[in-house]
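Coordinates in review
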Amino acid sequence: MLTVNNAEPRDAAAMADLFLEMDRFYGETTLESADAKVHQIESALFTNPPLAYALLAWDRAELVGIAAYSFLWPAALTSKSLYLKELYVRLHHRRKGVGKMLMQHVFQVARDRECSRVEWTTDKGNANAQNFYKDLGIQPNSSKIFYWMEIESSTIGR
């Protein structure tokens, strides 16, 4: 039986294990220790105020998916938006409705928090994710260009 709930401090070790799988999925070759992951999770999600939030999908006692998000302001008409940073489902639980259930919960959180929209990105080469969103009836928005800069290599502000 699948359930979705908000991440709680007791979930940090299970989340660390899921993030290690996710790192391998995205091709990371140098993996952090589970302890380092737990520390990062605790310092992001379980501080006051939290830096981010997470919804967790469980199949009984097994953590099988996560939707990690933050809020952005301002969005359209100075409202706020929910930014979905990561949607990940364990490989052996894909195509079983976990991702769809997590997305439904994400949209409900956005409605409950009076957000004007939900925003996210996916890698250009991740055809499975793109097809997943297409199957949900969501089309890509090509009106924006996504940028990022690694802080260590940034010369701005020095």
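None of these values were measured; they are calculated from a predicted model. (Residues numbered from 1 in each chain as written. Predicted model: local features only at pLDDT ≥ 70, side-chain atom pairs only at ≥ 80, totals over all residues. Heavy atoms only, no water.)

**A closer look at the nonpolar core**
Among the nonpolar cores identified, the biggest contains 21 residues, and Leu-55, Ala-67, Leu-82, Leu-84, Leu-87, Leu-102 and Val-106 are the most heavily contacted of them. Every element with two or more residues in this core is listed here: strand E2 (53-59), strand E3 (62-72), strand E4 (80-89), helix H3 (98-112), strand E5 (115-120) and helix H4 (127-135). Looking at which element gives the most residues to this core, the answer is H3, with 7 residues. Grouped together as the second largest cluster of nonpolar side chains are 17 residues, Ala-12, Trp-58, Leu-63 and Ile-66 included. (Core = buried A, V, L, I, M, F, W, Y, C linked by side-chain atoms within 4.5 Å. Buried < 20%, exposed > 50% of the residue type's maximum accessible area, 1.4 Å probe, protein only. Helix = DSSP H or I, 4+ residues; strand = E, 2+ residues; numbered from the N terminus.)

**Focus on the side chain of His-93**
Here His-93 lies in the loop between E4 and H3. A distance of 2.8 Å separates polar atoms of two side chains, one belonging to His-93 and the other to Asp-59. Setting aside residues up to four positions removed in sequence, His-93 forms contacts with Asp-59, Glu-62, Val-64 and Val-98. (Polar contact = N/O pair within 3.5 Å; in protein donor to acceptor, adjacent residues only side chain to side chain. Contact = heavy atoms within 4.5 Å.)

**Concerning the environment of Ile-156**
Of note, Ile-156 is situated in the segment after H4. Ile-156 gets classed as exposed once you look at its relative accessible area, which sits at 72%. Each C-alpha atom, one on Ile-156 and one on Arg-24, is 31 Å from the other, the two residues being 132 residues apart in sequence.

**Quick look at the pairing of E4**
For E4, a buried count of 8 out of 10 residues is recorded, marking the element as mostly surrounded by other parts of the structure. The pairing of E3 with E4 spans 8 bridges and is classified as antiparallel. Bridge pairing in E4 places Ile-66 opposite Tyr-88. With 5 bridges connecting them, E4 and E5 associate as parallel partners. Across the sheet, Lys-80 pairs through a bridge with Cys-115, a residue of E5. Traced from E4 through H3 to E5, the parallel crossover comes out right-handed. (Pairing = 2+ DSSP bridges. Right-handed = clockwise from strand over helix to strand, strands pointing away.)

**A word on the pattern of salt bridges**
Considering all chains together, one arrives at 6 salt bridges under this definition. A salt bridge links Glu-21 to Arg-90; the shortest N-O distance between them is 2.8 Å. Here Glu-21 is found in helix H1 (residues 12-25), whereas its partner Arg-90 is found in the loop between E4 and H3, with 69 residues between them in sequence. Across the pair, exposure class does not vary: Glu-21 and Arg-90 are buried alike. Notably, a salt bridge pairs Arg-60 with Asp-59, separated by 3.2 Å at the nearest N-O pair. Within the structure, one salt-bridge network assembled from shared partners comprises Asp-17, Glu-21 and Arg-90. (Salt bridge = Lys/Arg side-chain N within 4 Å of Asp/Glu carboxyl O.)

**Regarding unusual backbone geometry**
Outside of glycine, negative phi angles account for most residues, and trans bonds account for most peptide bonds. For the peptide bond that leads from Asn-48 to Pro-49, omega is 0 degrees, which places it in the cis range. Turning to its location among the elements, Pro-49 is positioned in the loop between helix H2 (34-45) and E2. Cis geometry marks the peptide bond from Trp-73 to Pro-74; its omega dihedral reads 0 degrees. Locating Pro-74 in the fold gives a position in the loop between E3 and E4. Residue Leu-77 is not a glycine yet carries a positive backbone phi of 55 degrees. Here the phi dihedral of Thr-78 falls at roughly 60 degrees; this positive angle occurs in a residue that is not glycine. The topology assignment puts Thr-78 in the loop between E3 and E4.

What is shown is where atoms sit, not what they do.
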